[in-house]
Amino acid sequence: MASAQRVVDHIVGHLAAVGVTHVFGVGGANIEDLYDAAHRREDITAVLAKHEFGAATMADGYSRAGAPLGVVAATSGGGCLNAVPALGESLASRVPVLALVGQPPTVLDGRGAFQDTSGRNGALDAESLFSTVSLFCRRVLTPEAIRTALPAAIAAARTGGPAVLLLPKDIQQAWLSGLNGVPAVAEDRRVGDPHPIARAVRAAAGPVTIIAGEQVARDDARAELAQLRSLLRAGVACVPDAKDVAGTPGYGSSSALGVTGVMGHPGVADAVAGSALCLVVGTRFAATARSGLEKALATVPTYSIGSAPTYLACTHVHTQDLRASLSMLSAALSGAGRPHRLRVAPDTPRTELLPPPHHGPGIRYRDAMAALDAALPDGTDIVVDAGNIGAAAIHHLPVRRDGRFVVALGMGGMGYSFGAGIGVASHRRRRTVVIAGDGSFLMHGMEIHTALQYRLPVTFVLFDNHAHAMCVTREQRFYGGRYSYNRFGASRLGAGLAAMFPGLPAVDVDHLDTLPGALVAALAVDGPSVVTVECSADEIPPFAPFLEPSHQPLTETETRADVHSRTR
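Remember, predicted model here, so these are calculated numbers, not experimental data.

### Side note on the overall build of the protein
No. 1: Of the regular secondary structure elements, the protein holds 23 helices and 22 strands.
No. 2: Against the compact-globule benchmark of 24 Å for 568 residues, the protein has a radius of gyration of 24 Å, which places it among compact chains.
No. 3: Overall, the protein is about 70 × 65 × 45 Å in size when its C-alpha atoms are taken along their principal axes.
No. 4: Counting all 568 residues of the protein, 59% fall into the buried class.
No. 5: A sequence separation of at least 24 residues applies to 77% of the contacts in the protein between residues at least 6 apart.
No. 6: For the protein, the accessible area works out to roughly 21200 Å², and carbon and sulfur atoms hold 55% of it.
No. 7: Across the protein, 48 positive and 50 negative side-chain charges occur, with their mean positions spaced 6 Å apart.

Here it is in structure tokens:
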């Protein structure tokens, strides 16, 4: 029989037992006991962020990078409220995250406690609030309740989304007697039988197109997807937040068709339209991912497989384990079950969206992406933020071989990449490149200091156009450019960061001819580094709604054929 232990020691011990190595958060009176418990363990690193949004995006990025579970810790009141937007992203993008939220002692519930979120006597109700941004939320009111609440929360998160435990300070400090063991909670790992898809594939006469999504990454089903692609001789496209699951063109994955949706490649629609069957794998296929494909999909039999049905009406096979289900599908389509009427699609040229030429000051987005493409070695992980520069990176920058490509499009929160890049690097321990704009930096860029404090190999490439540039583009396109609320005063972020944070290599780049050298030098730094790139808020990004001849947003019935494009 083990000796008694505090509830917080029980929590961190269980997290370590399931493979968690990092907890990200910001301290405070009602979460400090958890940090004390983490300090007592050599197998848990408690990372101090600068803001709870940043901490929660670190946990999100850590999870997307392949870690067992992202964990964020936040104190009561405004501290935990700061984490809500990031948990909303994890919910929308179905990323496993556990949030440990401190609360005032239960004896002060409804009695005017500072930062009371008990929901009693007019206090803010944290359980109601966090329930809207999580799959599971429970307020732990007795020490013994943690034995079942913790594994239940972890199991819920692993189905794809955040789980929240609300932990009053007196409960955290309380002692548990007796056994250390935690009752096992059966996780939902149902393996869907893909026989409806196998039957449809055997009946198909012509090429197959696969559209791959984020669950392929979450379930580590890349090899199984590649096996199925080879068996079906299929072309593979991927949704923007799963850009790294379909292989790297030029490295034995020449069937990769590119990215779908508003920042994607118009040729994907042509490939789908020419298919005998379309298979959507591991994604709900949100509007940003399927825009431009609606007409093509309406004429092609479409099937999906994954842990949630697609927003597109089609035959769906539910599975919580894509690796197992895709293996089953490949087995069913091999040997005697092999389809005989499939054929390879004709070559589909890789196409690009074609923004209007821009001749103003600054470095062009596409030129900057070409410089990054030339500089980034295999194995580099890439984390991309929202905005014009995010669209350019998604559209133009290829995935590195054996590297991750992370972008958050669930909520599209600006500044996500700073914390997420730290989370990715904390798990993968390799060079991570964060691509973000100055607007995102001004929101959450101080997490660069966190990367410096922990000497993480993160290079931040900041595109400085002195504006919320996507909003400027909207003002130009949809309001005639008569005014702007979205331009900033000029800044020199590289010089400013170098002065603020001694020991941080940070440079400003104004001309394209000096960008390659600056990138190579930054990538060679042992630790974090910053390169800021002067660009223009008036350049139109490769974003389909901005490229319509009518300058109107895409509707659900419009397709890539309505968008100017060019063949590369």
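### Side note on the sheet that holds strand β7 (residues 162-168)
No. 1: If you walk across this open sheet you meet the six strands as β3-β2-β4-β5-β7-β6, and the pairing is parallel. Every other strand in the sheet has two partners, leaving β3 (45-48) and β6 (136-139) as the edge strands with one partner each. Taken pair by pair, the neighbouring strands of this sheet meet at an average axis angle of 20°, ignoring direction.
No. 2: Both strand β5 (residues 97-103) and β7 contribute to a ladder of seven bridges, which runs parallel. Across the sheet, alanine 99 pairs through a bridge with valine 164, a residue of β7.
No. 3: Each of β2 (22-25), β4 (70-74), β5 and β7 touches helix α1 (residues 7-17); the most contacted strand, β5, lies at about 170° to it.

### Structural notes on the pairing of β4
No. 1: Across the five residues of β4, five count as buried, placing the element largely inside the fold.
No. 2: Residues of β4 alternate between two faces, with Gly70, Val72 and Ala74 on one and Val71 and Ala73 on the opposite face, all of them buried.
No. 3: As paired elements, β2 and β4 share two bridges and run parallel to each other. Along β4, the bridge assignment pairs phenylalanine 24 with valine 72.
No. 4: As judged from the five bridges shared by β4 and β5, these two strands associate in the parallel manner. Each bridged residue has a counterpart across the sheet, and for alanine 74 the counterpart in β5 is valine 101.

### Points about the UniProt feature "domain: Thiamine pyrophosphate enzyme N-terminal TPP-binding" (unreviewed entry) in the protein
No. 1: Look at the UniProt record and you will see "domain: Thiamine pyrophosphate enzyme N-terminal TPP-binding" (unreviewed entry) annotated at residues 6-116.
No. 2: Secondary structure over residues 6-116 splits into 42% helix and 19% strand, and the C-alpha atoms at its two ends are 23 Å apart.

### Quick look at the packing of aromatic side chains
No. 1: Taken as a whole and judged by the stated rule, the model has six aromatic pairs.
No. 2: Ring geometry for phenylalanine 478 against phenylalanine 546: centres 6.2 Å apart, planes inclined by 55°, an arrangement best described as tilted. You can see phenylalanine 478 sitting in helix α21 (residues 469-478) and its partner phenylalanine 546 sitting in the loop between β21 (529-534) and β22 (565-567), a full 68 residues away along the chain.
No. 3: The buried category is assigned to phenylalanine 546, whose relative accessible area is 1%.

### Observations concerning the nonpolar core
No. 1: Grouped together as the largest cluster of nonpolar side chains are 93 residues, with contacts concentrated most on Ile210, Leu279, Phe285, Ile435 and Phe463.
No. 2: Here this core gets six residues from one element, more than from any other, and that element is helix α16 (residues 365-375).
No. 3: When residues no more than four places from it in sequence are discounted, the contact partners of phenylalanine 285 are Ile211, Val239, Thr260, Val280, Arg290, Leu293, Leu297, Thr310, Tyr311 and Leu312.
No. 4: Residues Ala65, Ala126, Ala436 and Phe501 belong to the second largest nonpolar core, which totals 54 residues.

The rules behind each value
Residues numbered from 1 in each chain as written. Predicted model: local features only at pLDDT ≥ 70, side-chain atom pairs only at ≥ 80, totals over all residues. Heavy atoms only, no water. Helix = DSSP H or I, 4+ residues; strand = E, 2+ residues; numbered from the N terminus. Rg over C-alpha atoms; globule rule 2.2 N^0.38 Å. Buried < 20%, exposed > 50% of the residue type's maximum accessible area, 1.4 Å probe, protein only. Contact = heavy atoms within 4.5 Å. Areas by Shrake-Rupley, 256 points an atom, 1.4 Å probe, with all protein chains shown as cover. Lys, Arg positive; Asp, Glu negative; His and termini not counted. Charge placed at Lys NZ, Arg CZ, Asp CG, Glu CD. Pairing = 2+ DSSP bridges. Axes fitted to C-alpha atoms, helices over the stretch in contact; angles between N-to-C directions. UniProt positions renumbered as here; feature names shortened; annotations may be inferred. Phe/Tyr/Trp six-rings, centres within 6.5 Å; stacked < 30°, edge-to-face > 60°. Core = buried A, V, L, I, M, F, W, Y, C linked by side-chain atoms within 4.5 Å.

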